[in-house]
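Next come the chains, spelled out residue by residue.
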Amino acid sequence: MERRSFLKKAGVGLAAGAAAGVASSPVAAAPAVHTGLPEIKWRMTSSFPRGVDTLFGSAELLSTRVSEITGGKFDIRVYPAGELLPALQALDAVQQGTVEMSHTCSYYYTGKDKAFGFGTAIPFGLNARQMDAWIIAGGGQELLDEFYSNYNIRSFLGDNTGVQMGGWYRKEINTVADMNGLKIRIAGLGGELLARMGAVPQQLGAGDIYTALEKGTIDAAEFVAPYDDEKLGLHKVAPNYYAPGFWEPGPAVHFFVNKLEWDKLPKEYQAAFQAASREAHILMTASYDHKNPQALARLLSQGVKLQRFSNEIMKKAYDLSQEMYAEESAKNPAWKKIYTEFVKYRQSQNAWFGVAEASYDRFMQSIR
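Remember, predicted model here, so these are calculated numbers, not experimental data.

Scoring rules and cut-offs
- Residues numbered from 1 in each chain as written.
- Predicted model: local features only at pLDDT ≥ 70, side-chain atom pairs only at ≥ 80, totals over all residues.
- Heavy atoms only, no water.
- Helix = DSSP H or I, 4+ residues; strand = E, 2+ residues; numbered from the N terminus.
- Rg over C-alpha atoms; globule rule 2.2 N^0.38 Å.
- Buried < 20%, exposed > 50% of the residue type's maximum accessible area, 1.4 Å probe, protein only.
- Contact = heavy atoms within 4.5 Å.
- Areas by Shrake-Rupley, 256 points an atom, 1.4 Å probe, with all protein chains shown as cover.
- Lys, Arg positive; Asp, Glu negative; His and termini not counted.
- Charge placed at Lys NZ, Arg CZ, Asp CG, Glu CD.
- Pairing = 2+ DSSP bridges.
- Core = buried A, V, L, I, M, F, W, Y, C linked by side-chain atoms within 4.5 Å.
- Axes fitted to C-alpha atoms, helices over the stretch in contact; angles between N-to-C directions.
- Phe/Tyr/Trp six-rings, centres within 6.5 Å; stacked < 30°, edge-to-face > 60°.

Our focus in this paragraph is the overall build of the protein. For the protein, the count of helices and strands is 14 helices and 11 strands. For the protein, the C-alpha radius of gyration of 21 Å lies close to 21 Å, the compact-globule estimate for 368 residues. Along the three orthogonal principal directions, the C-alpha set of the protein runs to about 65 × 50 × 45 Å. The buried share of the protein, reckoned over its 368 residues, is 53%. Long-range pairs, those at least 24 residues apart, make up 77% of the contacts in the protein with a sequence separation of at least 6. Looking at the protein as shown, the accessible area adds up to about 15900 Å², and 52% of this sits on carbon and sulfur atoms. Side chains of the protein give 39 positive and 39 negative charges; the mean places of these two sets differ by 1 Å.

Written as structure tokens, this is what we have:
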């Protein structure tokens with residue numbers, strides 16, 4: 001079936017289901033749109049280039065679904081990074097009301113407050129399913145809403161890539177000492193953590209990574225995982241590919257909406273937006289889980305050297321992350337409030353996942 005045909009039929013079904021009073025999740029239902037509702041046009045600026053199709057495609061899907069559910073009355077135009085605004089100014093533009101919304105990672109903005117890290121990922125945090133559980137069902141959304149209200153924004157889950165890779169390196173990284181002086185493109189608190197290990201973090205938009213790595217401006221770069229990394233061509237300029245990206249175990253990407261603009265929306269449009277964002281979120285994780293194994297196989301066939309970080313590096317990074325979190329808790333009330341609940345949730349989730357998911361995964365991986 002043609003994708004657009006499917007989406008149109010799905011949109012009609014969602015609206016009809018809601019009109020009939022069918023109670024279900026935001027993914028499965030959306031409101032009937034009354035003919036008297038206004039036409040609204042929004043602009044969404046993304047932190048991602050159009051060529052990174054899975055990430056950027058999530059924003060396009062949201063726009064398409066909102067338009068279809070509302071009969072074209074609520075129109076959101078999507079701008080890739082650099083077309084309307086630079087990649088790393090997406091959140092600021094929403095806060096200031098320059099645009100109505102953005103599609104970006106909260107941890108790009110930890111320079112404002114380290115608590116921005118929680119919305120996307122902190123080193124040794126939650127994996128993708130655990131992040132979903134925390135934000136959707138475990139009180140995380142409420143904690144984030146309280147924090148984001150200080151910046152005049154609302155957040156909506158838009159994607160999760162799943163655990164990311166540890167990046168591309170021009171030379172092998174075998175010990176903690178090999179991190180010393182390493183210029184690496186990395187975002188969020190992962191950058192501060194690697195700085196404590198001796199590295200020199202650089203924050204660059206996706207479109208600038210290849211050139212910087214090719215010219216030697218940086219020695220290493222992490223982005224997402226095999227599918228997106230292959231699209232950026234990073235394997236052509238740095239042959240050593242490391243796992244895991246312990247600083248991004250389950251990074252969520254968000255749709256940030258200006259709070260004043262959100263409050264002005266008719267409730268029917270708010271419901272349509274929430275349904276579309278949840279659909280985009282689910283599709284993103286599924287798409288990456290589908291595409292990454294195939295992309296990794298292609299990369300390995302081209303001579304990429306797949307390696308794992310040593311236990312020495314992992315243990316040192318973990319210990320330093322705990323020091324970093326304790327320091328931040330001592331001086332930042334916003335961080336402490338979220339982290340206190342976050343770490344309790346992580347402990348509970350890891351205990352459960354260790355019983356079921358991890359034991360099953362270990363067995364299945366041992367017999368492949």
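Let us now look at the pairing of strand β10 (residues 252–258). Within β10, 7 of the 7 residues are buried, which leaves it mostly tucked inside the rest of the structure. Alternating residues of β10 divide into Ala-252, His-254, Phe-256 and Asn-258 and Val-253, Phe-255 and Val-257, and every residue in both groups is buried. When strand β3 (residues 101–104) meets β10, the two strands line up antiparallel, connected through 4 bridges. Each residue of the ladder has a partner; that of His-103, found in β10, is Phe-255. With 7 bridges joining them, strand β4 (residues 153–160) and β10 adopt antiparallel strand pairing. Bridge assignment links Leu-157 to a residue of β10, and that residue is His-254.

Core analysis: the largest hydrophobic core is formed by 82 residues, its most contacted members being Leu-55, Phe-118, Trp-134, Tyr-169, Leu-194, Phe-223 and Phe-246. With 6 residues, helix α13 (residues 333–355) is the single largest residue contributor to this core. Ignoring any residue separated from it by four or fewer positions in sequence, one finds Phe-118 in contact with Met-131, Trp-134, Leu-144, Trp-335, Ile-338, Tyr-339 and Phe-342. Leu-37, Ile-40, Val-78 and Leu-265 belong to the second largest nonpolar core, which has 22 residues in total.

Judged by pairing direction, the sheet is mixed, and its 5 strands sit side by side in the order β2-β1-β3-β10-β4 without closing on themselves. Each edge of the open sheet is held by one strand with a lone partner, namely β2 (74–79) and β4. In this sheet, adjacent strand axes meet at a mean angle of 25° when their direction is disregarded. Direction of pairing for strand β1 (residues 40–46) relative to β2: parallel, over a ladder of 6 bridges. Across the sheet, the residue bridging to Thr-45 is Tyr-79, located in β2. Running over the sheet, helix α5 (residues 128–137) touches β4 and β10 and is turned about 150° from β4.

Turning our attention to the packing of aromatic side chains. Evaluated as defined, the whole model comprises 32 aromatic pairs. With a centroid separation of 5.9 Å and an interplanar angle of 40°, the aromatic rings of Phe-116 and Tyr-148 are classed as tilted. With Phe-116 in the loop between β3 and α4 (117–120) and Tyr-148 in helix α6 (residues 140–148), this pair connects stretches of sequence that are 32 residues apart. The burial state of Phe-116 is the same as that of Tyr-148; both residues are buried.

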